Structures are given as C-alpha cells and as structure tokens.
Amino acid sequence: MGRVEGKVAFVTGAARGQGRSHAVRLAEEGADIIAVDICHDIESMGYRLARREDLDETANLVEKTGRRIIAEQADVREAAQLRSVLAAGVAELGRLDIVVAQAGIAGMSGNPPWQAWSDVIDTNLIGTINAIQAALPYLDEGASIIATGSTAALMDVAKTDQPGADPGGIAYIVAKRGLSQYVHELATHIAARKIRANVVHPTNCNTDMLQSEPMYRAFRPDLEHPTRADAEPVFPVQQAMPIPFIEPVDISNAIVFLASEEARYITGMQLRVDGGGYLKWYDYHI
Ligand SMILES: NC(=O)c1ccc[n+]([C@@H]2O[C@H](COP(=O)([O-])OP(=O)(O)OC[C@H]3O[C@@H](n4cnc5c(N)ncnc54)[C@H](O)[C@@H]3O)[C@@H](O)[C@H]2O)c1
C-alpha cells in the first residue's frame, strides 16, 4: 500500500523539473495526478520554459507507475484555466486530496526589468494562490496543500547590490515571501476543517531553472557569458553542506511526507530542504 494510496494530487508546473518529480513520486506512492504546465515561454524570462512534449513525458512516467493522469496545458496566472482543468480532472478521477502549487519562474536578469517583475509576481505569487483557491472547493478533511517557496525567500538579497537584486530577482523574493505568508494565514483558517497547508523551501535544485544562463550570471557576475562549468564551483555558496545543489527527488520526498497521513498534524510549517542554507544565511525569519 502506497503512502498516498487512492488519493488524487493536483500539481502545477508538472512538465519537468521538480513538478515532474513530484507527480511521479506521488504516483509511485499510489496517487492519481492532475497536472498542468504553461508549456511555452514567458518572454521577459531569459530562459526556456517547458513544452507540451515535456508534459507528455511526465504523463508517460506517471502511467508507467500504473496510476492515471490528466495532463493539460494551463497558465497559473489564469485562474479560469485552472478551474476548468480541475473541474474536468475531478470529474474524471473522482476527488482531490493533495495540491502541490509549485509552478514558478526565476526573474533574475529578466527583461524588460519591470515586465519581469510583473511576470514573476503574477506567476509565483498570484499563480500559487490561484492554484490553491481553485482547488479549495474540492478539498475535505485529510487534504494537504503544499506550496513551493525558496530559501531565497529567507535571505536579504533584495537589500544588497548582489547579482539578482534587479526587479525580476527582487520580485522572486517578494513572491516567495508573500506565498509563505499566504499559506501561513490559510493554514490557520482551514485547520478547523482538518485540511493542512505547508510550504517547502528548496535550496539550489538541479533543474533547468538552476541550469540556465540567468542563474549562471547570478552566480558569476564577473563573466559576460558564464557557462555551467563556470557557475557550478560557486553553487555550494548557498548551502552549509558542501554540495552544489540538491536533486528534485529530495524535494519530492518532503512533498510525499507532507501529503501523506504521516504528517496528519503538521500544518503551517515552513519546511526547508536546503542542505543547511538557512543556517548560513538566516537574516530573514519566517
Ligand atoms: N531550481 C532551483 O534551484 C529552485 C530553488 C528554490 C525554489 N525553486 C522553485 O521550485 C519550483 C519548481 O522549479 P524547478 O526548479 O522545477 O524549475 P523548472 O523551470 O524546471 O520548472 C518549472 C515549471 O513551471 C512551469 N511554469 C512556469 N510558469 C508557469 C505558469 N505561468 N503556469 C504554469 N506553469 C508554469 C514551467 O514550464 C516548468 O515546467 C519553482 O517554484 C521555483 O521557484 C527552484
């Protein structure tokens, strides 16, 4: 018997990276999946987002576990799209128990800068709230909501002249802090219904978001066109443990735990999976 056997999970940003890993791990533990992803680029971001083929690959991987999946293109900035996918998904799969609101973009070096600001706030903050609000009417006792923050939300990069302290980069921090506060308040309000809400904060995670030009530039501002080989030696600066990054499955394991009955009394938690990054950079307290 899987740890989330017979449950249905809604995962945003599921075409690749952490979202794909969460969908597959939850399916391995017995959940059916409703997956969405934008499946095209957001122009102000200087790196490529997922494509429909990526979402199809997530669907293949989930189906290989023997579970069912509804995988649709949808933009978390558009609440109506999420409501429509959820209505169809719940009609097909019969229920909804788990929400993993984790679609996100990294705005550092985004251009034009103030467009990047808006796109990051709209996706990472409003998009997270849209996904959770769209799901709430379907959730009942025992349900679990998990949003993805970032250890970046716990640091004061915004106050520095560090790389990434541009409008898109600051929006990233503002959005992640905002969603953390939103989940905190939400958890308080839904506790009486025995529905839980928590935030998971990853450090550097080995996905296409981290392995992108804007991120390389944030780690190596001294170079005009830094490569992965230039940036990787600097990645460990984010963690107290001597590691460059964690893998998506390290976050998925926390997601499965928080989604399962094992965490039935854990709510309002800000759970860091960060190789001790917070210990090193703890100038912001949530
Ligand atoms: N990779 C890291 O180092 C890191 C660290 C901390 C937090 N995070 C957070 O983890 C989450 C997952 O990121 P990832 O590392 O897997 O990166 P990723 O870029 O590989 O995956 C993000 C997914 O979200 C999708 N997406 C983006 N905007 C969307 C929108 N408006 N609507 C629907 N889907 C959209 C993308 O197409 C992509 O498939 C994000 O919220 C990110 O901020 C990442």
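Cut-offs used in this document
Residues numbered from 1 in each chain as written. Predicted model: local features only at pLDDT ≥ 70, side-chain atom pairs only at ≥ 80, totals over all residues. Heavy atoms only, no water. Helix = DSSP H or I, 4+ residues; strand = E, 2+ residues; numbered from the N terminus. Buried < 20%, exposed > 50% of the residue type's maximum accessible area, 1.4 Å probe, protein only. Contact = heavy atoms within 4.5 Å. Salt bridge = Lys/Arg side-chain N within 4 Å of Asp/Glu carboxyl O. Phe/Tyr/Trp six-rings, centres within 6.5 Å; stacked < 30°, edge-to-face > 60°.

As for its position among the elements, Asp-119 is in helix H4 (residues 113-135). Its relative accessible area of 8% is what places Asp-119 among the buried residues. Non-local contacts of Asp-119, meaning those with residues more than four positions away in its chain, are made with Ile-42, Ser-44, Arg-77 and Ile-105.

Another aspect to go through is the pattern of salt bridges. Applying the stated criterion to the full structure yields 18 salt bridges. When the shortest N-O distance is used, the salt bridge between Glu-141 and Lys-194 registers 3.9 Å. Separated by 53 residues along the polypeptide, Glu-141 in the loop between H4 and strand E5 (144-148) and Lys-194 in the loop between helix H5 (167-190) and strand E6 (196-202) bring together distant segments of the chain. Looking at Glu-141, the relative accessible area reads 56%, which means it is exposed. Each of Glu-5, Asp-32, Arg-67 and Arg-68 takes part in a single network of salt bridges with overlapping partners.

Under the definition given, this model contains 3 aromatic pairs. Between Phe-219 and Phe-235, the ring centres sit 4.8 Å apart and the planes meet at 75 degrees, which makes this aromatic pair edge-to-face. Of this pair, Phe-219 sits in helix H6 (residues 213-219) while Phe-235 sits in the loop between helix H7 (228-231) and helix H8 (248-259), placing them 16 residues apart in sequence. For the pair formed by Phe-219 and Phe-235, the shared burial category is buried. Ring pairing ties together the aromatic residues Phe-219, Phe-235 and Phe-245, which thus form one cluster.

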